[in-house]
Each structure stands twice: as structure tokens, then as C-alpha cells.
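Structural overview for review
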Amino acid sequence: MIDFKLSPEQELIRKTVAEFAAEVIAPMAAELDEKQEFSMELTRAIARQGYLGIIVPPEYGGAGACALTYCQVIEEVSKACAAQGVTMSLSNSLVAYPIMTYGSEEIKRRYLTPLASGEKLGCFALTEPNAGSDSSNQETTATDGGDCWIINGSKIFISNGGVADFAVIIASTNRAAKIRGLSAFIVDKGTPGFTIGVKENKLGIRASNTAELVFQNCRIPKGNILAAPGRGFRIAMDTLDGGRVGVGAQACGIARAAYEAAHKYAKERKQFGSALVDFQGIAHKLADMKLDIETTRLLTWKAAWLKDNKKRFAKDAAMAKLYGSEMATRVAHQAIQIHGGYGFIKDYPVERYYRDARILELYEGTSEVQRMVIASYVLGV
Amino acid sequence: MLIIVPIKQVPDTNDVRIDPETGTLIREGVPSIVNPEDRHAVEMALVLKDQAGGGKVVVVSMGPPQAEIALREMLAMGADEAILLSDRAFAGADTLATACALAHAVRQLGQYDLIICGRQAIDGDTAQVGPQLAEFLQIPQATYAQDLRLEGGKIRVERAVEGEVQVLELPLPALVTCLKEANKPRIPTLKGCIGAFREKPFQVWNASRIKVPLEQIGLKGSPTQVRRTFTPPPRGQGIVLTGDPQQAVQTLVQTLREKGIM
Ligand SMILES: Cc1cc2nc3c(=O)[nH]c(=O)nc-3n(C[C@H](O)[C@H](O)[C@H](O)COP(=O)(O)OP(=O)(O)OC[C@H]3O[C@@H](n4cnc5c(N)ncnc54)[C@H](O)[C@@H]3O)c2cc1C
């Protein structure tokens, strides 16, 4: 059965998130971007609404919502501020997901509950200076210290890195075994030997914190491992598959913001005696933008639906992520074009949408990596 | 403490247009919302419940089955239970028949402490249902409340009336109608939305369930008859008298005399 209707519950969620996003998040977006500031206050307000624990099961204090509902929340928040969309989606799909799927009962109680309430923030650290697209090339090591694991190495470009209370990290427990030697751990902030390095100065999503994590003989409890040693790469890939569905939703949110700004401007701005919308050249741009957004939404919702129905969704998630991220850049680009010179000026929000959209083509696997993933599925290689 | 909040689902009047031919509302494609002041009434009830250290907030609405979503939204805000009065027999009700049905429903809820209504609904602007409901129930009422507090088993209400503030103290049970200045309605949380559909009690009551005589509700119980609705013709431009004040006053007086106003 194909059903393009959201349930009344999802409709209400969408509506209330849109209200919260417009009232609380949107008014702060431009200033936080300008100052490149992560707002703890806003993050806590978002947590109080339950948006950091959307997919966390109710027994751990979350809302226990499905992937399709998750997409509604992410889209509406990303429309108001892409950076808050990042904070939310990473909290859910990159931090909560691997813990709830692979963590022991003890780990789940200890980390999921405060994560869902916003009392603690998390981050997910896979990328290293020499392990970007080739994320299997991990140089961070975790050696068995008897009653503990000893971590050494560094992670870069970690969203929430500088503000998180704990990090889910991937490290090698057996370098010789390569991919099969990777494992996933949780490291608490304040553990001796764990420090925060450089905070990045960025083009977009500037209200999201991006930082380096450094581990020097950092000893963590033996129990702070997800699943068993050697399962790390599988955990990372499974985690990213789910994250990519969320990136599709982020893309829809940013693109809708750009579209709406452009539509409004095109109705107001007059040249040659007519409003811009009355020129076919502009009307067709808006039509294409709308089509592009709708296409991404269908891809994204389909991937979410597959996930919710326990079907294989990795290819579909990669498609939603790839199409959506390039779409958001395209739509934001056209939104600036429709604004003319005004679009280039910071008095209008479209230049921010353009800068923000750009990250989507890079993180959680670049566009090139998504094409590799899709190709491997469709070509069966 | 049991607080009852009657709410109404209304067309979003920001989106409503009037058919210039027939003079009726074009409701097609117009989204339905919870009457704005009713959200403030629910917020007031929720704050009061917290202040009282517990209790229950029950939201009630008379309307078609689609009004369920409006009640669910109030459950998502934090109301504890919802009751939808839905029956063909309720259709066509004016404010009196509506208040009558609500009064019968309220009696079914047993011992209650307070009823909080929004001041008025944006699709009718009568502000009558609240006061009429209080009359049916024979309880004291305070309309146009901008503040409400519980004080030693009574309520203290600040009424905003004609530019003044009147402070009243009412014994319970009582009815209050609330203004939007009273508070800022909370936005439902994610868990609130989910709980509203999956956990909280929601019931549909028909006319026989509330034991109301059929001749007192719906069209039959409605003495108000709408003869005609129309858009008043736009007012003409005013006249501005300039120049010498003495001359201007003379012209003014003369014009007023000619029009029979003076
Ligand atoms: C703002 C921001 C936030 C981030 N947040 C996180 C986070 O929270 N956690 C985390 O772990 N990481 C995070 N990252 C890291 C991000 O996932 C990586 O930057 C990304 O995966 C690309 O890796 P790289 O930068 O090393 O680029 P490289 O891998 O060096 O790629 C450079 C270019 O080469 C292309 N390329 C590489 N290999 C191939 C190939 N085989 N075929 C064709 N083209 C190829 C790439 O697509 C890209 O175009 C974040 C990055 C940024 C910028």
C-alpha cells in the first residue's frame, strides 16, 4: 500500500514543532550565525520540547517516535535554523541510535536518559585527519588495559565536540585486523587524557559547535564499549545509514526556508513595472525549486518508511541524502538569484541558507561517497 | 481540583474569505484551529492546577467528529482528559443551545471547582457562551480575566474592563472567561503530542449521554435566527475642515444641523 498521508499524530507534531521553531529558534538564527555561537540555552529549550530524544525509547525518557516522525521534526527545525537541525539530528541518529541499538542495559540507562532530557549532550566521533571518506583507516587506538581501555589518537570536525558531555567514538582495538579490528566506545568529558582541541571557524552551520577531540592515554571503564570488540565499523556504518535519512529532512527544511524567502521576495519586488513572480523566467525557477523539494521529501519519507517497516533502507537513505543535499544547494543558489544583489547581502536570510546548505554535501559521507554506496547497491558490486 | 475548559474548533479567520455573491463564509480549504483565546484558557487552567498542587483539567468541545484534533492538541498541551460532544442533534446550535449542551455535559462530570472559557470565539465574536453557561449552572462568573489566582479556597480575578482593572473574589465553583493578555500558551512537547493520542482518555458523548432534552439543543433549542449576513458598504470619505477655526466651526455646526444631528 502506498499512503502519502501523515497520521493525525504526525500532523500535530509537525504543526507544534513549526510553531516552536518559528517562535523560539528562528528569531535567534541570524545572530548565532553571525557570532558563530553555540547556544546552550537554546539547546536546553529544544531538549525540553523533547527534540533531542525523538527516537529514544520511552523507558529511557525519550519520545519513542518512528523515523518518519523524526523527519518531520528535523525538517521543521532545520527550516528555522540549520545549525539547530544538526545538533538535533546528531543527538538522535548519531548518538542515541548506536547506544540504544548496541549498548548494554547499564550503558543505555546511564547515557540515553540524560541525553533525552537534555541534561547531557553527546557527540559522535569517527572522522580523523587521515580517516575521512576512508573512515576505516582509523589511527585512534584502544588497547586493553586489564580493567580499562586506554585510548590514544585524535578526531576532527566533530559536531558538538566542544560542548558534549560524552562522546561515542570509533577506535581500533586490533590494527592488524583493519576494518574488523574497529570498536565503538563511550568516553565521558573530564576523563583524564581526554581534551578538546581546535574549535573550527566555518562557512555555514556556524551555530553548531565543531571541534577536535584529543585522547592521550585516556583510560575508560571496561564496560564503556558498544557491543563487542571488532563490531565498530558495522556500528558506524549502520549509524550513518540512519543519519542520512535525517540529512534528507534537513535538506528539505533549509530548501523550504530558501524557497519561501524567494517566493515572498518575488511577489514584493517590482522591476520593469511588474512583480518578479510575473516574469516567466522567475516563476519557472520557483516551480523547479518546489519540484526539487518535493522530490527530496518523497525520497526521504520513503527511506524513513522502509526503516520503520524494518526493511533494507541503506540505498534509499543514500539517495535521499545525495539528492537532498545537492538539491538544497541548488535551491538556495536560486533563492539568491531571485533576490538579485540583495540576496548577497546579510540583511536577507538567503545567503545564510546558501552557506548552511553546503555542509549537507560533505558530512555523513560526501556526495561522492553516496554515489559509491548507491552504485554498490544498484550494480551489485 | 477539577477544572473544566470548554473549547471550540474554528476556521482560521486569517484565511477566511467571504463570498461576495452570497455573503457567506468560504470555508473550503480553510484550516481549522483551536479558538485562540481557548488556548489561553487551557494555559490558565494548567497553571492553576500546578498552583493547587494537583488535580485534573478536562477539555470539552461540542462539534463535529473532526473537532477531535482540536481536543487532542489541548491534551498535548497538558490537559488530562477530553470529551467531544458530538451528535447530529447538536447541529445548528446558537450560543444558548451550545451553553445548554455544555451545562448538561458539565453536570455529568460531577463535582468541579472551576470552568475557564476563552472570552469569545473568532468565528462569531459573541462572547456569550461563557456567561450563559454560568447562568445554566447557577454559579458566579467573572468575564474578561487577565489574571487568576487561587487564594484560600477562593479565586481572585483581575478583570480588564473598559480601560480599568476590576479585582473580584469568587467562591468556587465559578466560571471565568479569559483574555489573551492573561498568559502565553505553552507549545506542546513531542511527548505531549504522542501522549495525547496514545495515553490520555478521550471520549465522545452524544445527546443521550448528557441527558439533555432534545428540544433544548441544536437548531430546535436555538432562539437566535440569522436573517441575513452581509458586508457593510465601505464608509465614505470624511470631510476635513481647514482654515479659520471660527469659519470651520460655523460650517461644522451648519452641516450637523442640515443632517439633523444637532
Ligand atoms: C561541519 C562539519 C561537521 C562534521 N561533523 C562530524 C561528526 O560529528 N562526526 C564525524 O565523525 N565527522 C564529522 N565531520 C567529518 C565529515 O564527515 C568528513 O569531513 C567527510 O566525511 C569527508 O572527509 P574528509 O573531510 O576527510 O574529505 P576526504 O575524504 O579527504 O575527501 C576529499 C574529496 O575527495 C573525495 N573522495 C574521497 N575518496 C574518494 C573516492 N574513493 N572516490 C571519489 N572521490 C573521493 C571526497 O568525496 C571529497 O570530495 C564533519 C565535517 C564538517 C565539515
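Residue positions are given per chain, counted from 1 along the sequence in the order it is written. Chains and ligands are labelled by the order in which they are written, letters from A for the one and numbers from 1 for the other. pLDDT decides what is reported in this predicted model: residues at 70 or higher carry local features, side-chain atom pairs at 80 or more are listed and counted, and totals for whole chains, interfaces and linings draw on all residues regardless. Side-chain measures here rest on the full set of heavy atoms in the structure, leaving out hydrogens and waters.

Residue and element names in this part refer to chain B. Whether two strands pair comes down to DSSP finding at least two bridges between them. Each helix is a run of DSSP H or I of at least 4 residues and each strand a run of E of at least 2, with the numbering of both proceeding from the N terminus. Judged by pairing direction, the sheet is mixed, and its nine strands sit side by side in the order E11-E10-E9-E12-E8-E1-E6-E7-E13 without closing on themselves. The two strands at the open ends of the sheet, each matched to only one other strand, are strand E11 (164-171) and strand E13 (202-205). Averaged over neighbouring strand pairs, the angle between their axes works out to 30° when direction is ignored. Bridge count between strand E7 (residues 81-85) and E13: four bridges; the pairing is parallel. Considered in E13, the bridge of Ile83 is made with Gln203. Contacts were defined at the residue level, with two residues in contact if any of their heavy atoms lie within 4.5 Å. In this analysis, axes come from line fits to C-alpha atoms, helices being fitted only over the stretch in contact, and the angle between any two N-to-C directions falls in the range 0 to 180 degrees. Helix H2 (residues 68-77) rests against strand E6 (56-62), E7 and E13 of the sheet, and its axis sits at about 165° to E7.

Before going further, it helps to spend a moment on the site of the ligand. All names here are of chain A. The immediate surroundings of the ligand are formed by 19 residues, with Thr127, Ser133, Phe157, Thr366 and Glu368 found nearest. Computed with a 1.4 Å probe, the accessible areas rest on the Shrake-Rupley method; for each residue, only the protein chains presented here act as cover. Contact with the protein chains hides 63% of the accessible area of the ligand, taken as 970 Å² for the molecule alone. Looking at the shell around the ligand, the elements that each hand over two or more residues are strand E1 (122-125), strand E3 (148-159) and helix H10 (367-378). The greatest single-element share of the shell around the ligand, amounting to three residues, is contributed by E3. Of the residues belonging to the shell around the ligand, the class tally is 10 nonpolar, six polar and three charged. Note: domain ranges come from an automatic or database domain assignment. Counting only domains with at least three residues in the shell around the ligand, you end up with domain 2 (123-230) and domain 3 (233-378). It suffices for a single heavy atom of a residue to lie within 4 Å of a molecule or strand for the residue to be listed as near it. Put simply, Ala, Val, Leu, Ile, Met, Phe, Trp, Tyr, Cys and Pro go in the nonpolar bin, Asp, Glu, Lys and Arg in the charged bin, and everything else, Gly too, in the polar bin.

As a further point, take the side chain of Arg72(B). Relative to the helices and strands, Arg72(B) is located in helix H2. Residue Arg72(B) is classed as buried on the basis of its relative accessible area, which comes to 10%. Separated by 2.9 Å, the side chain of Arg72(B) and the backbone oxygen of Ala196(B) make a polar contact. Beyond its immediate stretch of four places on either side in the chain, Arg72(B) contacts Leu12(A), Ala196(B), Phe197(B), Lys200(B) and Phe202(B). For the exposure calls, accessible area comes from a 1.4 Å probe over protein chains only, and a residue counts as buried if that area is under 20% of its type's maximum, exposed if over 50%, partly exposed in between. Polar contact is defined as a pair of N or O atoms within 3.5 Å, subject to the rule that within protein one atom must be able to donate a hydrogen and the other to accept it, and that residues adjacent in sequence are counted only when both atoms are side-chain atoms.

Turning to the packing of helix H4 (residues 82-102) of chain A against helix H6 (residues 232-268) of chain A, a few remarks are in order. All names here are of chain A. For the pair H4 and H6, interaxial distance at closest approach is 9 Å and the crossing angle is 155°. Between H4 and H6, the interaxial angle falls into the category roughly antiparallel. Handedness of the H4/H6 crossing: right-handed. Only Ile235, Asp238, Thr239, Leu240, Gly242, Gly243, Gln250 and Ile254 of H6 make contact with H4, whose side of the interface consists of Ala82, Gly85, Val86, Ser89, Ser93, Leu94, Tyr97, Pro98, Thr101 and Tyr102. Of the residues in the contact of H4 with H6, the class split is nine nonpolar, eight polar and one charged. Angle categories are assigned with fixed cut-offs, so that under 35 degrees is roughly parallel, over 145 is roughly antiparallel, 65 to 115 is roughly perpendicular, and the rest are oblique. If you view the pair so one helix is near and one far, a crossing is left-handed when the near helix is turned anticlockwise from the far one by less than a right angle, and right-handed when it is turned clockwise.

The next thing to look at is a nonpolar patch on the surface. All names here are of chain A. A cluster of nonpolar residues, Tyr377, Val378, Leu379 and Val381, forms a patch on the protein surface that exposes about 450 Å² of accessible area. In this structure, Val381 sits in the segment after H10. By relative accessible area, Val381 is classed as exposed at 77%. Surface patches are drawn from residues lacking salt bridges whose relative accessible area is over 30%; two like charges belong together within 9 Å, two nonpolar side chains (Val, Leu, Ile, Met, Phe, Trp, Tyr) within 5 Å. Throughout this description, the term salt bridge denotes a Lys or Arg side-chain nitrogen within 4 Å of a carboxyl oxygen of Asp or Glu.

One turn of an α-helix holds 3.6 residues; hence residues three or four places apart share an orientation. All names here are of chain B. Any helix carries an expected span of 1.5 Å times its number of residues minus one. The end-to-end C-alpha distance of helix H1 (residues 36-51), which contains 16 residues, comes to 23 Å, matching closely the 22 Å that a straight helix rising 1.5 Å per residue would cover. The element H1 is largely enclosed, with a buried count of 12 among its 16 residues. Within the sequence span of H1, burial applies to Glu37, Asp38, Arg39, His40, Ala41, Val42, Glu43, Met44, Ala45, Leu46, Leu48 and Lys49.

Residue and element names in this part refer to chain A. Pairing of aromatic rings covers Phe, Tyr and Trp, the last through its six-membered ring, and needs centres within 6.5 Å; plane angles under 30 degrees mean stacked, over 60 mean edge-to-face, and all others mean tilted. Applying the stated criterion across every chain, the model contains eight aromatic pairs over all chains. Taking 5.6 Å as the distance between ring centres and 85° as the angle between the ring planes, the aromatic pair formed by Phe20 and Tyr51 counts as edge-to-face. Linking Phe20 in helix H1 (residues 8-35) with Tyr51 in the loop between helix H2 (40-48) and helix H3 (67-80), this pair joins segments that are 31 residues apart in sequence. Taken individually, Phe20 and Tyr51 each receive the classification buried, so the pair is uniform in this respect. Charges are assigned to positions over rings by a cutoff of 6 Å between ring centre and Lys NZ or Arg CZ, combined with an angular limit of 35 degrees from the ring normal. Over the face of the ring belonging to Trp149 we find Lys222, whose NZ or CZ atom lies 5.0 Å from the ring centre. The side chain of Arg330 reaches across the aromatic face of Tyr323, ending 5.4 Å from its centre.

Moving on, we get to empty space enclosed by the protein. Taking a probe equal in size to a water molecule and rolling it over the atoms shows the remaining empty space. Residue and element names in this part refer to chain A. Here a cavity denotes a set of grid points, spaced 1 Å apart and computed over the protein atoms alone, in which a 1.4 Å probe fits but from which it cannot get out, and a pocket denotes an open set meeting protein on both sides within 12 Å along at least five of seven lines; residues with an atom within 4 Å of a point are reported as lining. Grid points are joined across faces, edges and corners, and a volume is the space filled by probe spheres set on the points. In this structure the tally under the stated criterion is two cavities of 30 Å³ or more. Taken as a whole, the largest cavity spans an internal volume of roughly 50 Å³. Forming the boundary of the largest cavity are Ala29, Asp33, Cys81, Ala82, Ala83, Ile205, Arg206, Ala207, Arg352 and Asp356. Only H1, H4 and helix H9 (350-357) provide two or more residues apiece to the lining of the largest cavity. Residues belonging to the lining of the largest cavity are distributed by class as follows: six nonpolar, no polar and four charged. Put simply, the second largest cavity is a space of about 30 Å³.

Facing 19 residues of chain A, the contacting portion of chain B comprises 15 residues. Together, Glu9(A), Leu12(A) and Gln49(A) form the three largest contributors to the area buried by chain A at its contact with chain B, with a combined 36%. Scanning the region where chain A abuts chain B turns up four salt bridges. Close ionic contact of Arg198(B) with Glu9(A) constitutes a salt bridge, the shortest N to O distance being 2.8 Å. Between chain A and chain B we count seven residue pairs in polar contact (both at pLDDT 80 or more) in total. Take the side of chain A that touches chain B: its biggest share by element is nine residues, from H1(A). In terms of residue class, the side of chain A that touches chain B is made up of nine nonpolar, five polar and five charged. As used here, buried area is the combined drop in accessible area, with a 1.4 Å probe, of two parts when they are placed together.

Chain-level statistics for chain B give a pLDDT mean of 92 and a share of 98% at 70 or above. ipTM for the predicted complex: 0.93, alongside a pTM of 0.92. pLDDT is defined as a per-residue confidence score from the predictor, taking values between 0 and 100.

Residue and element names in this part refer to chain A. Inspection of the secondary structure assignment puts Ile55 in the loop between H2 and H3. Judged by relative accessible area, Ile55 falls into the buried class, the value being 14%. Once the C-alpha coordinates of Ile55 and Val17 are considered, the two residues, 38 residues apart in sequence, prove to be 15 Å apart. Leave out the neighbours within four places in its chain, and Ile55 touches Gly64, Ala65, Tyr70, Asn92, Ser93, Tyr97 and Met100.

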